[in-house]
Amino acid sequence: MTRVFISRDSTALSLGAEQVATALEQQAASKGLSAEIVRNGSRGLFWLEPLVEVETSQGRVAYGPVQVEDVASLLDAGLLDGKQNPLYLGNIEEIAYFKNQNRLTFARVGLTDPVNIEDYLAHDGYRGLKNALALQATEIVKQVTDSGLRGRGGAAFPTGIKWNTVLNAPADQKYIVCNADEGDSGTFSDRMIMEGDPFVLIEGMTIAGLAVGATQGYIYLRVEYPHAKIALNQAIEAAYKNGYLGENIQNSGKTFHLEVRSGAGAYICGEETSLLESLEGKRGLVRFKPPLPAIVGLFGKPTIVNNVISLASIPVILDKGGEYYKNYGMGRSRGTLPLQLAGNIKHPGLFEVAFGMTLRELLYDYGGGSASGRPIRAVQVGGPLGAYLHEGQFDTPLDYEAFAAISAVLGHGGIVVHDDTVNMADMARYAMEFCVEESCGKCTPCRIGSTRGVEVIDRIVDGAQKEKNTVLLRDLCDTMTYGSLCAMGGMTPFPVLSALNHFPEDFGLTAKA
Amino acid sequence: MQDYQTQKPTVLEILDTHQAMPGNLLPILHGIQDTLGYIPPAAVVDIAKSLNLSQAEVHGVISFYHYFRETPPGDHTIRICRAESCQAMNGKALEAHAKQQLGIDFHETTADGIFSLEPVYCLGNCACSPSITIDDEVIGRVTTEKFDRLLATYKGAK
């Protein structure tokens, strides 16, 4: 029986993958052809979705983008034998966009059946856990520290240091919390892992539990990701059944339980202390720090809070060693970052690569320029709290420190492209408006500052005392940056000030001297 | 609006099944909204009593989270993404078009009770902006024409 792969990834589904899978199954059956349809994750080359891959003696042959209307003719043209036709792409792994990536964390995404544990095991799954089970807790933490991994949620805090703090915090109960509240616009790497290879996240969390002595884990998943929830729960169930979760994991005597909890549409709950409040069943109000969650976290106990990608990178580190991971990257940014190309871009998708590539290479060599065909004018990197970059900054290497040096952030690796029709005063206003909408309300600079920010930008655009109000906007941004309790209010000035500094003409201002 | 007395057994049952769960308020609210479509304001009394919280605390949680609603939704809930990536692909025009076609603003339900309209900040479908969801279905690269076709389909499916 020929195996055919059609993705169950949300983005593929949003383009009709479900309908294509159904049509292919029915039409193959009615033509007397035998095909087994596997619903895999997405390869992340989204302009080619819905992608259909056929397993042949020469390897996997891809076709795309396939619409329902194409199915009949594709079958007639020998789709199941991997024959050529107008939608023929050949081996997807030979396309430069895929071939030139460094897929460490995403090694299996798009390749395997995400919820089939046999498939996971056959593709190097649970090798990291196996190694971890043979190590002392301190040795596991050392591997993570040696890897140089820094928090992929955006803050880039060294993961090993966080784990070590939790390891050394004495307590009767500790927790591993996965921050899967991926709310940044332009980001979808967490979602792709959870839908495309949920076991890798489960394995990473289990290793984290072993490393610090935590027996309970929670995945705090945003409610906007229903397909991820389904895949995670299917994988968790399979892991329990096969002795990879629960009591006495693989006869080691170790215990780790895992549960998915749904958020409820609050962006602020991606902030770690707000997330913990939410998990405890409260309003997602940000907590004062210190104490750090590593010392006083969920239900008052020492807690690791890590992003999905950080945790999903743990298995490869424990499998191949911290040094192996560290050998990718540049400067203090070690390993790989799954970048996400979105917005007005011809070839949007997931691009996992070692730190160091320039933004320009990514945008033009791989992204293919804007989708509209117009010049790219501004690029926002790092989500709604990230700075807007202009063309003159596109040669900046993708590296935490290089971005910090130009008052920008890499964040969670989301890249949103805007063409020359964008009005940057509108985008600056939107950044403030978003902060109004999503502020938890605990601290004044964020709660009130954002509302005043919208008003001041409106006054500048309306031409009312432009110079005076620009000074006021800068002063307000200063207050928000230094006076806010967390990154929500503290980083909203990034998009606002970068828009103002790089694109003053959109505010009706002349360029700054 | 439905009489709460007919909904109360459902609420009590959900409260009962979540009794031993740590941090159970959000799972309870999800359970109620998944079953009834919204959280009846009268349920707050029962929730507060069961969890030993004040009614203000429970109401505070419901109102904090954008996803929870205290009024019944239409047959289908349309969520339109307002975030940057969708804006870069004419999301604002789509938003205006949707409001005009439906004759409602965000957080409202059409007079015939078929559609509710809600804003959403990112669906993680940014590679195919602009995006919307109708109930649990994510739809990408939504043009105004595609939106009209979807409306017609869902209206017909009612």
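Within any chain, residue numbers begin from 1 and follow the written order of that chain's sequence. For this description, chains carry letters from A and ligands carry numbers from 1, given in the order in which they are written. Where local features are concerned, this predicted model is filtered to residues with pLDDT of at least 70; where side-chain atom pairs are given and counted, the filter is 80 or more; whole-chain, interface and lining totals use all residues.

A. Broad picture of the overall build of chain A. Put simply, DSSP marks the helices as runs of H or I at least four residues long and the strands as runs of E at least two long, and each gets a number from the N terminus on. Scanning chain A from N- to C-terminus turns up 22 helices and 16 strands. We compute the radius of gyration over the C-alpha atoms and compare it with the globule rule, which gives 2.2 Å times the number of residues raised to the power 0.38. Compactness check: chain A gives a C-alpha radius of gyration of 24 Å against a globular reference of 24 Å for 513 residues, within 12% of the reference. Seen through its principal axes, chain A has C-alpha atoms that stretch 75 × 60 × 40 Å. Buried, partly exposed and exposed are defined by the number of other C-beta atoms within 10 Å of a residue's own C-beta, namely 20 or more, between the two limits, and 12 or fewer respectively, with C-beta atoms placed from the backbone. The burial tally for chain A puts 58% of its 513 residues in the buried class. Each residue gets a C-beta atom placed from its backbone, and two residues are in contact if those atoms lie within 7 Å. Expressed as a percentage of contacts within chain A between residues at least 6 apart in sequence, the contacts between residues at least 24 apart total 73%.

B. Just the overall build of chain B, in detail. Within chain B, the secondary structure is distributed over seven helices and five strands. Scanning chain B from its N terminus toward the C terminus, one meets helices and strands in the order α-α-α-α-β-α-α-β-β-β-β-α. For chain B, the spread of C-alpha atoms along the three principal axes comes to 50 × 30 × 25 Å. Counting all 158 residues of chain B, 40% fall into the buried class. A sequence separation of at least 24 residues applies to 58% of the contacts in chain B between residues at least 6 apart.

C. Fine view of the nonpolar core. All names here are of chain A. The biggest cluster of nonpolar side chains holds 210 residues, and the ones touching the most others in it are V177, L201, A208, I304 and V379. In terms of residues, this core owes the most to one element, helix α10 (residues 198-212), which gives 10 residues. When neighbours within four sequence positions are excluded, V379 is seen to be in contact with L359, L363, L389, I415, V416 and V417. The nonpolar core criterion groups buried Ala, Val, Leu, Ile, Met, Phe, Trp, Tyr and Cys residues into a set whenever they are joined through C-beta atoms within 7 Å.

D. Looking closely at the pairing of strand β6 (residues 175-180) of chain A. Residue and element names in this part refer to chain A. For β6, the buried fraction is high: six of the six residues fall into the buried class. Of the two faces of β6, the one holding Y175, V177 and N179 and the one holding I176, C178 and A180 are both buried throughout. Here five bridges tie β6 to strand β9 (residues 303-307), and the two strands are oriented parallel to one another. What sits directly across from I176, in β9, is I304. The rule for pairing is simple: two strands pair if DSSP sees at least two bridges between them.

E. Representation of the confidence of the model for chain B. Looking at chain B, pLDDT values average 96 and 99% of them are 70 or higher. This complex was scored by the predictor with a pTM of 0.97 and an ipTM of 0.97. Think of pLDDT as the predictor's per-residue confidence, scored from 0 to 100.

F. Local environment of the interface of chain B and chain A. Taken residue by residue, the interface counts 34 residues in chain B and 43 residues in chain A. Elements supplying a minimum of two residues to the side of chain B that touches chain A: α2 (25-36), α4 (55-64), α5 (84-87) and β5 (137-139) of chain B. With four residues, the single largest contributor to the side of chain B that touches chain A is α2 of chain B. Basically, the charged four are Asp, Glu, Lys and Arg, the nonpolar ten are Ala, Val, Leu, Ile, Met, Phe, Trp, Tyr, Cys and Pro, and anything else, Gly included, counts as polar. Residues of the side of chain B that touches chain A, tallied by class, amount to 21 nonpolar, 11 polar and two charged.

G. Looking closely at the domain arrangement of chain B. An automatic or database domain assignment is the source of the domain bounds shown. Considered domain by domain, chain B is made up of domain 1 (4-64) and domain 2 (76-157). Here domain 1 of chain B and domain 2 of chain B have C-alpha centroids that lie 29 Å from each other.

H. Representation of the environment of G154 of chain A. Residues and elements named next belong to chain A. Topologically, G154 is positioned in the loop between α7 (137-147) and α8 (159-167). On the basis of neighbour count, G154 is assigned to the buried category, with 24 C-beta atoms found within 10 Å. As for G154 and G383, which are separated by 229 residues in sequence, their C-alpha atoms are 9.2 Å apart. Residues in contact with G154, not counting those within four places in the same chain, are G382, G383, G411 and H412.

I. Summary view of the packing of α7 of chain A against α10 of chain A. Residue and element names in this part refer to chain A. Helix axes are fitted to C-alpha atoms over the stretch in contact, other axes to C-alpha atoms as well, and angles between N-to-C directions run from 0 to 180 degrees. It is the contact of α7 with α10, at a shortest axis distance of 7 Å, that shows an interaxial angle of 125 degrees. Our classification of the angle between α7 and α10 gives oblique. Judged by the twist between their axes, the crossing of α7 over α10 is left-handed. Across the interface between the two elements, A137, I140 and V141 of α7 pack against I207, L210, A211 and V212 of α10. The residue makeup of the contact of α7 with α10, split by class, is seven nonpolar, no polar and no charged. Oblique is the label for every angle not falling under 35 degrees (roughly parallel), over 145 degrees (roughly antiparallel), or within 65 to 115 degrees (roughly perpendicular). Throughout, a crossing is termed right-handed when the near helix is turned clockwise from the far one, and left-handed when it is turned anticlockwise from it by less than a right angle.

J. How the structure looks around the domain arrangement of chain A. Residue and element names in this part refer to chain A. For chain A, the assigned domains are domain 1 (2-95), domain 2 (117-325), domain 3 (328-419) and domain 4 (424-507). Centre-to-centre, using C-alpha coordinates, domain 2 lies 26 Å away from domain 3. On the side of domain 3, 19 residues touch domain 2, which itself brings 18 residues to the contact.

K. How the structure looks around the sheet that holds strand β2 (residues 108-109) of chain B. All names here are of chain B. In spatial order, the strands read β2-β3-β1-β4-β5; together these five strands make up an open sheet with mixed pairing. With one partner strand each, in any of the chains shown, β2 and β5 form the two edges of the open sheet. Bridging between β2 and strand β3 (residues 115-120) involves two bridges; their strand directions are antiparallel. Following the sheet pairing, E108 is matched in β3 by L117. Each of β1 (76-81) and β3 is contacted by helix α6 (residues 91-102), which is oriented at about 155 degrees to β1, the strand it contacts most.

L. A look at the sheet that holds strand β3 (residues 52-56) of chain A. Residue and element names in this part refer to chain A. One open sheet accounts for five strands, arranged β2-β1-β3-β4-β5; its pairing is mixed. Each of the sheet's edge strands pairs with one partner strand only, and the pair in question is β2 (35-38) and β5 (88-90). Strand after strand, the sheet turns through a mean of 30 degrees between neighbouring axes, direction not considered. Sheet contacts for helix α2 (residues 17-30): β1 (2-6), β2 and β3; angle to β2, the most-contacted strand, approximately 165 degrees.

M. Inspection of helix α11 (residues 226-241) of chain A at higher detail. Residue and element names in this part refer to chain A. Helices are assigned an expected span. That span is 1.5 Å times one less than the residue count. The end-to-end C-alpha distance of α11, which contains 16 residues, comes to 23 Å, matching closely the 22 Å that a straight helix rising 1.5 Å per residue would cover. Buried within α11 are the following residues: H227, A228, A231, L232, A235, I236 and A239. Seen from one end, α11 has its buried residues packed into an arc of 160 degrees, which puts them on one side. Among the structural elements, α1 (10-14), α5 (117-122), α9 (189-196), α10, β7 (216-221) and β8 (257-262) are those in contact with the buried residues of α11. Among the residues trailing α11, G243 stands out with phi positive, at a value near 75 degrees. Think of the arc as the fan of directions from the helix axis to the C-beta atoms.

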